[in-house]
Amino acid sequence: MKYLIGIDIGTSGTKSVLFDLEGNVIASELVEYPLYQPQNGWAEQDPEDWWQAVVKSLKAITPAAENGEICGIGLSGQMHGLVMLDGDGEVIRNSIIWCDGRTVAECEEIEEIIGHEKVVDITANPALPGFTASKIMWVKKHEPENYAKCAKILLPKDYIRYKLTGEYARGWRYDQVTSSYGLVHVTVYNETKPQLTHLLEFGHELRRGGRKVGDVKAFSHILSRRNLAEKLLMKKIEEQLK
């Protein structure tokens, strides 16, 4: 029998669900994690908490597949969280997530540079503190040492994809709503000032929803092809829980 797995990286926890190909739920598991608030109005999470929640929830549901084949994994999750990685793919700081409100000044700067109507025309949104672009600007201004280390920027679900597959990617829909895609679009066509060009420095491939991005990576050379996806998952999970 064949199965699919869905993983949702939420704000209060991660839920993993095992489905059959008819969409019936075979098994599910929710693992919760904390929200950190260093100051009033700030909201952060540790990406490692997300990853460990994925590991534990997959470990809980995959035995229900028994001798079947897990054919694929789909990801969804909280939007707008800023995940900064260094050149070795390691997390630099806690993620500033969607409900953080510290970037009011940066949003005002974006609209001053581009113009409110132009921002809305390109991104279909005003510049809001919850979106990712202003968070990048905040880190550059207030944590230059972290900004200098940054090689890649991902959203929460895309960080989990990277951990599973080693692939850097982000979905078109999510990127447009975060306002970062729209601001990059403006900069590419030289329609604004160079204050925002740093948003171009952390590029990676954009993918449309439903497209395959990569394979779960592990010790495929020592595993048989039968039930390979399940065995790869379990191997990676077991390593993380040691």
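Let me sum up the structure you'll find in this document.

## Notes on the overall build of the chain
Inference 1: A tally of regular secondary structure across the chain gives nine helices and 10 strands.
Inference 2: In the chain, buried positions account for 46% of the 242 residues.
Inference 3: A separation threshold of at least 6 residues defines the contact pool for the chain, and within that pool the share at least 24 residues apart is 66%.
Inference 4: Accessible area for the chain stands at about 12000 Å²; split by element, carbon and sulfur atoms hold 48% of it.

## Notes on the nonpolar core
Inference 1: Core analysis: the largest hydrophobic core is formed by 26 residues, its most contacted members being Ile-5, Ile-7, Leu-18, Trp-50, Tyr-159 and Ile-160.
Inference 2: Breaking this core down by element, the ones donating at least two residues are strand S1 (2–9), strand S3 (25–32), helix H1 (47–61), strand S6 (83–85) and helix H6 (156–165).
Inference 3: Broken down by element, this core gets its largest block of residues, seven residues, from H1.
Inference 4: Counting residues in hydrophobic clusters, the runner-up holds 11 residues, among them Leu-82, Met-84, Val-139 and Tyr-147.

## Brief notes about the packing of aromatic side chains
Inference 1: Here the structure, examined in full by the defined rule, presents three aromatic pairs.
Inference 2: Ring geometry for Trp-42 versus Trp-138: centroids 5.4 Å apart, planes at 85°, classification edge-to-face. Placement of the pair is Trp-42 in the loop between S3 and strand S4 (44–45) and Trp-138 in helix H4 (residues 132–142), with a sequence separation of 96 residues.
Inference 3: Feature note: the residues Tyr-159, Tyr-162 and Tyr-168 constitute an aromatic cluster, connected by ring pairs.

## Looking at the pattern of salt bridges
Inference 1: The final tally for this structure, using the stated rule, is eight salt bridges.
Inference 2: Salt-bridge contacts for Arg-93 lead to Glu-143; the nearest nitrogen and oxygen are separated by 2.7 Å. Placement of the pair is Arg-93 in the loop between S6 and strand S7 (95–96) and Glu-143 in the loop between H4 and helix H5 (144–149), with a sequence separation of 50 residues.
Inference 3: Overall, Arg-93 belongs to the buried group, its relative accessible area being 12%.

## Structural notes on the side chain of Ser-57
Inference 1: As for its placement among the helices and strands, Ser-57 is situated in helix H1.
Inference 2: Here the side chain of Ser-57 touches Ala-53 through a polar contact of 2.9 Å, landing on its backbone oxygen.
Inference 3: Setting aside residues no more than four positions away along its own chain, Ser-57 makes contact with Thr-14, Ser-16, Glu-29 and Val-31.

## Here we look at unusual backbone geometry
Inference 1: You will see that Glu-66, though not glycine, has its phi angle at about 50°, which is positive.
Inference 2: Looking at the element boundaries, Glu-66 is found in the loop between H1 and strand S5 (69–77).
Inference 3: Note on Glu-66: relative accessible area 61%, which makes it exposed.
Inference 4: One non-glycine residue, His-80, lies in positive phi territory at about 75°.
Inference 5: Within the secondary structure, His-80 sits in the loop between S5 and S6.

Conventions and cut-offs
Residues numbered from 1 in each chain as written. Predicted model: local features only at pLDDT ≥ 70, side-chain atom pairs only at ≥ 80, totals over all residues. Heavy atoms only, no water. Helix = DSSP H or I, 4+ residues; strand = E, 2+ residues; numbered from the N terminus. Buried < 20%, exposed > 50% of the residue type's maximum accessible area, 1.4 Å probe, protein only. Contact = heavy atoms within 4.5 Å. Areas by Shrake-Rupley, 256 points an atom, 1.4 Å probe, with all protein chains shown as cover. Core = buried A, V, L, I, M, F, W, Y, C linked by side-chain atoms within 4.5 Å. Phe/Tyr/Trp six-rings, centres within 6.5 Å; stacked < 30°, edge-to-face > 60°. Salt bridge = Lys/Arg side-chain N within 4 Å of Asp/Glu carboxyl O. Polar contact = N/O pair within 3.5 Å; in protein donor to acceptor, adjacent residues only side chain to side chain.

Nothing here speaks to function; it is geometry throughout.
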